[in-house]
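Structural overview
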Amino acid sequence: MAIFVGSFHGFSEDGERLLTENTEGKQVYLYDLLGKRLGVFDGKLETSFNNITKAGKGFLVRNSVDNRTYLYNFSGSPIASFIGSSFRFSSDGQWLVTSSYDDDCSRMYELF
């Protein structure tokens, strides 16, 4: 049995990692299934932390209410940010499509 700090928010698509959120400390934690903490994410923004995906090379995406989508590696380092507050990956993980309600546009980015 493994124990994780915070409330559970989601598994990675490969089922090998999970996210929890500590609401008091406003931090989000990324763990492997054995309970080893792999990353800590700033949770001060109102963020949907259940959006975790392998995306081909093991990246984590967090969707923020500032009309940006953020791409992190599994150690918590930021890789990129994109305009748009909602997103979807292509089935092969090579493309990211974001949608922005501010300008009513969708944008597609090649990731790999």
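Scope of this entry: the structure provided in the associated data block. (Residues numbered from 1 in each chain as written. Predicted model: local features only at pLDDT ≥ 70, side-chain atom pairs only at ≥ 80, totals over all residues. Heavy atoms only, no water.)

A few words on the overall build of the protein. When helices and strands are tallied, the protein shows zero helices and 11 strands. Order of helices (α) and strands (β) in the protein, N terminus to C terminus: β-β-β-β-β-β-β-β-β-β-β. Relative to its 112 residues, the protein shows a buried fraction of 38%. Counted over contacts in the protein with a minimum sequence separation of 6, partners at least 24 positions apart contribute 22%. Of the roughly 6500 Å² that the protein leaves accessible, carbon and sulfur atoms contribute 50%. (Helix = DSSP H or I, 4+ residues; strand = E, 2+ residues; numbered from the N terminus. Buried < 20%, exposed > 50% of the residue type's maximum accessible area, 1.4 Å probe, protein only. Contact = heavy atoms within 4.5 Å. Areas by Shrake-Rupley, 256 points an atom, 1.4 Å probe, with all protein chains shown as cover.)

The alternating pattern of strand 10 (residues 95-100) places Leu-96, Thr-98 and Ser-100 on a buried face and Trp-95, Val-97 and Ser-99 on a face that is not buried. Pairing of strand 9 (residues 86-89) with strand 10 involves four bridges; the strand directions are antiparallel. Within the sheet, the bridge partner assigned to Arg-88 lies in strand 10 and is Val-97. Joining the antiparallel neighbours strand 9 and strand 10 is a turn of five residues, in which Gly-93 adopts a positive phi near 75 degrees. Pairing of strand 10 with strand 11 (residues 105-110), which is carried by six bridges, proceeds in the antiparallel orientation. Within the sheet, the bridge partner assigned to Leu-96 lies in strand 11 and is Tyr-109. Connecting the antiparallel pair strand 10 and strand 11 is a turn made up of four residues, with Asp-104 showing a positive phi of about 55 degrees. (Pairing = 2+ DSSP bridges.)

The three strands lie next to each other as 9-10-11, forming an open sheet whose pairing is antiparallel. Only two strands of the sheet have a single neighbouring strand rather than two, namely strand 9 and strand 11. Recorded for the sheet is a direction-independent mean angle of 20 degrees between the axes of neighbouring strands. (Axes fitted to C-alpha atoms, helices over the stretch in contact; angles between N-to-C directions.)

Here the focus is the packing of aromatic side chains. This structure, assessed with the given rule, holds four aromatic pairs. Arranged with centres 6.3 Å apart and planes meeting at 75 degrees, the rings of Phe-87 and Phe-89 form a pair that is edge-to-face. Taken together, Phe-4, Tyr-29 and Tyr-31 form an aromatic cluster joined through their ring pairs. (Phe/Tyr/Trp six-rings, centres within 6.5 Å; stacked < 30°, edge-to-face > 60°.)

Unusually for a residue other than glycine, Asp-104 sits at a positive phi of about 55 degrees. Its location among the elements puts Asp-104 in the loop between strand 10 and strand 11.

Keep in mind these values describe shape, not function.
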